[in-house]
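# Overview (structure and organization)
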Amino acid sequence: MSQTRQRLIVEDIGDIAVVNFVDKKILDEQNIQMIGDDLFRLVDELGRRKILLNFANVQYMSSAALGKLIRLHQRLHSIGGKLVLCGISKDLYDVFVITKLDKMLTIVKDDKIGLNSF
Amino acid sequence: MSERHVSAAVTITSDLGDARRVQDEIEEALQSNGYGERDIFSIRLALEEALVNAIKHGNQMDPNKKVTIDYVVNPELFQIRIEDEGPGFDPNDVPDPTDPENLDRPCGRGVFLIRNFMTSVEYHGRGNILIMSKVRNGTLEESE
């Protein structure tokens, strides 16, 4: 058993890695760095190419976390993979709309639709 | 829940943990003054970005430098002044992160988010003093 605190819950559904966040607030820089590392490990070490991030549990997210999502999207895009985001609350969705990242990232309502978005 | 005006002055070191504790205190004050979830979301987001900017980009995480925070919370308005000891910056020089050419840049959205989520945002001094406020819009729709 790992001694480090679990930040992500990853479930494989077919060839899609469905990722749920444990934390309600993705703000802390160090935490964001570790979440980013875990997500990149899914791609670079575990060879996942389809990733569905479920934000149903997430209340707050900072611009530093947005940066990680952009990098993950770019990484997956460059190797023919795809990143899909789902379960984003109304308030959090506004952040994506204001920054126009809703145009760049694939965002769907829930995980059911997300699983059919690859 | 009784409304109460809160006015506080806090000086912290360049420590993100201390900054988060101040945010928690402010969130508590907002709740006790009847701010709705949407307002609290906006203020919390702007605070996070502003304090990270002050500590990381302003004070360069230097533990010998301080961040001075003064804030007021009342049932109508939240206002905060955040001053760091860094070199400052020109907020007009920050590129628009929504320009197509900047859209895929992973950094540079903090100031933009602050401007969008707060009612008024002003930079003073050499750009090391931020004064921002938010007029309460929301109601107690989510409570009780």
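See above for the structure.
Residues numbered from 1 in each chain as written. Chains lettered and ligands numbered in written order. Predicted model: local features only at pLDDT ≥ 70, side-chain atom pairs only at ≥ 80, totals over all residues. Heavy atoms only, no water.

## Description of the overall build of chain A
Scanning chain A from N- to C-terminus turns up five helices and seven strands. For chain A, the N- to C-terminal ordering of α and β elements is β-β-β-α-β-β-α-β-α-α-β-α. At 13 Å, chain A has a C-alpha radius of gyration in line with the 13 Å of a compact globule built from 118 residues. Each of the three principal axes of chain A carries a C-alpha extent, and together these read 40 × 30 × 25 Å. Relative to its full complement of 118 residues, chain A shows a buried share of 45%. Sequence separation of at least 24 residues holds for 65% of the intrachain contacts in chain A that already meet a minimum separation of 6. About 6000 Å² of surface is accessible on chain A, with carbon and sulfur atoms providing 50% of the total. Side chains of chain A carry 17 positive and 15 negative charges; the gap between the two charge centres is 3 Å. (Helix = DSSP H or I, 4+ residues; strand = E, 2+ residues; numbered from the N terminus. Rg over C-alpha atoms; globule rule 2.2 N^0.38 Å. Buried < 20%, exposed > 50% of the residue type's maximum accessible area, 1.4 Å probe, protein only. Contact = heavy atoms within 4.5 Å. Areas by Shrake-Rupley, 256 points an atom, 1.4 Å probe, with all protein chains shown as cover. Lys, Arg positive; Asp, Glu negative; His and termini not counted. Charge placed at Lys NZ, Arg CZ, Asp CG, Glu CD.)

## Looking at the pairing of strand β1 (residues 8-13) of chain A
On a regular strand, each side chain points to the face opposite its neighbour's, so the side chains alternate between the two faces of the sheet. Residues and elements named next belong to chain A. With six bridges connecting them, β1 and strand β2 (residues 16-21) associate as antiparallel partners. Its bridge partner lying in β2, Glu11 is registered against Val18. From the end of β1 to the start of β2, which pair antiparallel, there are two residues, and Gly14 there has a positive phi angle of about 60 degrees. (Pairing = 2+ DSSP bridges.)

## What to know about the sheet that holds strand β6 (residues 82-86) of chain A
Residue and element names in this part refer to chain A. Read across the open sheet, the five strands follow the order β1-β2-β4-β6-β7; overall the sheet is mixed. Of all the strands in the sheet, just β1 and β7 (106-108) have a single pairing partner and so form its edges. Put simply, the sheet's adjacent strands are angled 25 degrees from each other on average, direction ignored. Sheet analysis places β2 next to strand β4 (residues 50-54), joined by five bridges and oriented parallel. Counterpart to Ala17 in the pairing with β4 is Ile51. (Axes fitted to C-alpha atoms, helices over the stretch in contact; angles between N-to-C directions.)

## A word on the sheet that holds strand β4 (residues 120-124) of chain B
All names here are of chain B. The strand order β1-β2-β3-β5-β4 describes an open sheet built from five strands, whose pairing is antiparallel. Either end of the sheet is taken by a strand with one partner, and the two such strands are β1 (6-13) and β4. This sheet shows a mean twist of 10 degrees between the axes of neighbouring strands, independent of strand direction. Two elements, strand β3 (residues 77-83) and strand β5 (residues 129-135), share seven bridges in a ladder whose sense is antiparallel. Bridge pairing in β5 places Arg81 opposite Ile131. In this fold helix α3 (residues 110-117) packs onto β4 and β5, with an angle of close to 135 degrees to the strand it touches most, β4.

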